[in-house]
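A closer look at the structure
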Amino acid sequence: MATFDTKRLEIFVETVNNGSITAAAELLGSTPSAASQQLRRLEQETGQPLLRRRSRGVVPTEAGMILAAHARKILNRMSAAQADLDDLTHGRRGSLVIGAFPTVASSFLPLVIERFSSQYPSVSLSIRSTRIDQLVSDLETGQTHLALLWDHPWRPLDVEGIRTEDLFSESFVVLASRHHRLAEVSDVSMRELADESWVVRAEKHPVVEVLDRAAIAAGFHPQIAMYANDYQEAQAMVSAGIGLALAPMSAVEATHPGVRVLSLGEAAPVRRIMVGQREERVYSPAEMAFRTTLIESVARRRASSRVTP
């Protein structure tokens, strides 16, 4: 059975990720010749070629793709172990790094932090707000201790090594200008909106897929009038009459004065909000206390706003 050197695995993974031995070497502070030597040793250890040279860079062989998938998991675990040990060594068990995504970080999470900080003022909190793939990666590598995550019914989040616990579900709503023909109604159906133009988030934001699925289920393809950088910009453009927008409820807790929020009723798309932690981590008292505060805050939220459990 081969015993793999983690440094060689790191060079190999970065080479696969970048398609270049030179780029991997530069990223890791090495030289191309030293990196190539380590990769040759790794191929000797596995007994088969791992990379195929091309005119521009390299690509993994079938064996290389298999090894790269396993190596990424090994390196993530090593990084997580080092992060846990650093926390213990440097006395950071009274510190918490929480992962979150922008809509929940601007609505639900501040209430949780306020309550937690009042009960545990000696715990130092840091928040990392980013997109879902980075949230998962940060958990896997130990960069965050807990993270607020989300998924949709058609693509549930299931990541090996990450334990999740449901917090609540939230519906998507339609945003319309206060001058729109439907501004005075409280409920609409997607079929009523077939001829409308839409403002959606840019850079392949997940809400684009939510809109596409809801529209196709209603028998039409949405006409996109604008790609916005964030929900504040989307609301501003909706208020100006550029088009309608679809957004999760947490994105519109601070509603633009020129925008009306319309419910899609029982047919509204939903997303699930969860808290995630690494399964093998020994949770500190601060982590357990924050999780408890999360659960209690959800119960209060549900009681006051009747969020779907």
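Not measured: the values here are computed from a predicted model.

**Some points on helix H3 (residues 32–46)**
Between its first and last C-alpha atoms H3 spans 21 Å; for 15 residues at 1.5 Å apiece the expected length is 21 Å, and the two agree. Of the residues one or two after H3, Gly47 is the one with positive phi, at around 80°.

**Some points on the confidence of the model for the chain**
With 94% of its residues at a pLDDT of at least 70, the chain reaches an overall mean of 90. Confidence, read as mean pLDDT per element, is least for helix H4 (residues 62–89) in the chain (75) and greatest for strand S9 (residues 245–248) (98).

**Digging into helix H7 (residues 132–140)**
Those residues of H7 lying buried are Leu135, Val136, Asp138 and Leu139. Looking straight down H7, one finds its buried side chains confined to an arc of 160°; they lie on one side. Here the buried face of H7 lies against strand S3 (95–100), strand S4 (124–129), strand S5 (146–151), strand S6 (162–177) and strand S11 (270–278). Gly142 lies just past H7 and shows a positive phi near 80°.

**Here we look at the nonpolar core**
A general feature of soluble globular proteins is that nonpolar side chains tend to end up buried together. Formed by 34 residues in total, the largest nonpolar core has its most connected members in Val174, Leu175, Met190, Leu193, Trp198 and Leu246. Those elements giving two or more residues to this core turn out to be S6, strand S7 (197–201), helix H8 (206–217), helix H9 (231–239), S9 and strand S10 (259–262). Non-local contacts of Leu246, meaning those with residues more than four positions away in its chain, are made with Phe172, Val173, Val174, Trp198, Val207, Val210, Leu211, Tyr231 and Leu264. In terms of nonpolar packing, the next biggest core, distinct from the first, is built from 28 residues, Val112, Val123, Leu139 and Ala289 among them.

Scoring rules and cut-offs
- Residues numbered from 1 in each chain as written.
- Predicted model: local features only at pLDDT ≥ 70, side-chain atom pairs only at ≥ 80, totals over all residues.
- Heavy atoms only, no water.
- Helix = DSSP H or I, 4+ residues; strand = E, 2+ residues; numbered from the N terminus.
- Expected span 1.5 Å × (residues − 1).
- pLDDT = per-residue confidence, 0-100.
- Buried < 20%, exposed > 50% of the residue type's maximum accessible area, 1.4 Å probe, protein only.
- Arc of directions from axis to C-beta.
- Contact = heavy atoms within 4.5 Å.
- Core = buried A, V, L, I, M, F, W, Y, C linked by side-chain atoms within 4.5 Å.

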